[in-house]
Amino acid sequence: LTMSSATSTNSLPSGLAVLTTFPDVLFIPEIIFGGLVWILVASSKVQLPILQGWVMFVSVFCFIMSTTLLCLYVCGAHGGSSSWVTLVSGYRKP
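Residues numbered from 1 in each chain as written. Predicted model: local features only at pLDDT ≥ 70, side-chain atom pairs only at ≥ 80, totals over all residues. Heavy atoms only, no water.

1. Observations concerning the UniProt feature "transmembrane region" (unreviewed entry) in the protein
- UniProt records the feature "transmembrane region" (unreviewed entry) for residues 20-42 and 54-79 in the present numbering.
- For the annotated span residues 20-42, helix accounts for 87% and strand for 0% of the residues, and the straight-line distance between the end C-alpha atoms is 33 Å.
- Within residues 54-79, the helical portion is 85% and the strand portion 0%, while the C-alpha atoms at the span's ends are 35 Å from each other. (UniProt positions renumbered as here; feature names shortened; annotations may be inferred. Helix = DSSP H or I, 4+ residues; strand = E, 2+ residues; numbered from the N terminus.)

As structure tokens, then:
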């Protein structure tokens, strides 16, 4: 595994090469745990349903964005553009 796809803006991985860089491999557990959070939030009972709706929205949004970004990287939609590094790093920062 190489250290980061974000450190080298000359060549961004695409196809199955995405799964050989350490930060991009983290997409897989992010998607798995995101799905588990989505299930747990949906099955919990809270006093104020509006709060559960907001948490559910954030959970589903992050799950869909993680899946979409992984699919776009695998498909090579970035075309080698360095702006994708900014997109992913901005999305992953807390």
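Next comes the rest of the write-up.
2. Things to note about the packing of aromatic side chains
- Going through the model one piece at a time under the given rule, you end up with three aromatic pairs.
- Ring plane angle 45 degrees and centroid distance 5.2 Å describe the contact between Trp 38 and Phe 63, whose orientation is recorded as tilted. On the criterion of sequence distance, the pair formed by Trp 38 in helix H2 (residues 27-43) and Phe 63 in helix H3 (residues 49-75) is long-range, its members being 25 residues apart.
- You can call Phe 63 partly exposed: its relative accessible area is 21%. (Phe/Tyr/Trp six-rings, centres within 6.5 Å; stacked < 30°, edge-to-face > 60°. Buried < 20%, exposed > 50% of the residue type's maximum accessible area, 1.4 Å probe, protein only.)

3. So, the packing of H2 against H3
- The geometry of H2 relative to H3 is characterised by a closest axis approach of 9 Å and an angle of 155 degrees between their N-to-C directions. Between H2 and H3, the angle is such that the two are roughly antiparallel. Read as a crossing pair, H2 and H3 show a hand that is left-handed. Across the interface between the two elements, Phe 27, Ile 28, Glu 30, Ile 31, Gly 34, Gly 35, Val 37, Trp 38, Val 41 and Ala 42 of H2 pack against Gln 52, Val 55, Met 56, Ser 59, Val 60, Phe 63, Ser 66, Thr 67, Leu 69 and Leu 70 of H3.
- Among the residues making up the contact of H2 with H3, the classes are represented as 13 nonpolar, six polar and one charged. (Axes fitted to C-alpha atoms, helices over the stretch in contact; angles between N-to-C directions. Parallel < 35°, antiparallel > 145°, perpendicular 65-115°, else oblique. Left-handed = near helix turned anticlockwise from the far one by under 90°. Contact = heavy atoms within 4.5 Å. Nonpolar A, V, L, I, M, F, W, Y, C, P; charged D, E, K, R; others polar.)

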